[in-house]
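# Topology and contacts: notes
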Amino acid sequence: LEGRVTFWVNVLNVVIFHLHCILEGKIKTAAEYVYCIGGFLFNYEEISLGILRGNATNRAKGSRRHVVLKADDPRRGLIVNLDPKVNFCIITFLQD
């Protein structure tokens, strides 16, 4: 399991770095960018909240509370156990 967490933390950090470069730090349009990983498509939120944070509820301002990966989503099998230490491994992606 630890290897899976490391893999997804590294994937998310690469995604964050890529988004920061192309969006110049503006995460508001980040959901438009999708990455193919292992044959599945993911956006920033799906990796960050869905995979690494145990399919946490999205608590962004102005958004409805919802789980990121629905019950019938085949990507749910990739969810790792929620570990608060993951937050220390992820690059902070600041909004303007």
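Okay, so let's go over this structure. Treat the numbers as computed from the prediction; the structure is a model and nothing was measured.

So, how was this worked out
- Residues numbered from 1 in each chain as written.
- Predicted model: local features only at pLDDT ≥ 70, side-chain atom pairs only at ≥ 80, totals over all residues.
- Heavy atoms only, no water.
- Helix = DSSP H or I, 4+ residues; strand = E, 2+ residues; numbered from the N terminus.
- Phe/Tyr/Trp six-rings, centres within 6.5 Å; stacked < 30°, edge-to-face > 60°.
- Buried < 20%, exposed > 50% of the residue type's maximum accessible area, 1.4 Å probe, protein only.
- Lys NZ or Arg CZ within 6 Å of the ring centre and 35° of its normal.
- Core = buried A, V, L, I, M, F, W, Y, C linked by side-chain atoms within 4.5 Å.
- Contact = heavy atoms within 4.5 Å.

## Examining the environment of Ala-31
- Mapped onto the fold, Ala-31 is located in the loop between helix H1 (2–23) and strand S1 (35–37).
- Considering only alpha carbons, one finds Ala-31 and Phe-42, 11 residues apart in sequence, at a separation of 9.1 Å.

## Quick notes on the packing of aromatic side chains
- Counting across every chain of the model gives three aromatic pairs.
- With a centroid separation of 5.2 Å and an interplanar angle of 80°, the aromatic rings of Phe-7 and Trp-8 are classed as edge-to-face.
- Of the residues examined, Phe-7 reaches a relative accessible area of 41% and is grouped as partly exposed.
- Judged by centre distance (6.4 Å) and plane angle (70°), the ring pair of Phe-40 and Phe-42 falls under edge-to-face.
- Among the aromatic residues, ring-to-ring pairing joins Phe-7, Trp-8, Phe-40 and Phe-42 into one connected group.
- The ring of Phe-42 carries the charged tip of Arg-75 above its face, separated from the ring centre by 5.2 Å.

## Re the nonpolar core
- The biggest cluster of nonpolar side chains holds 23 residues, and the ones touching the most others in it are Trp-8, Ile-47 and Leu-52.
- Every element with two or more residues in this core is listed here: H1, S1 and helix H2 (44–51).
- Looking at this core element by element, the count peaks at nine residues for H1.
- Excluding residues within four positions of it along the chain, Leu-52 makes contact with Val-5, Trp-8, Val-9, Leu-12, Ile-47, Val-80, Leu-82, Val-86 and Ile-90.

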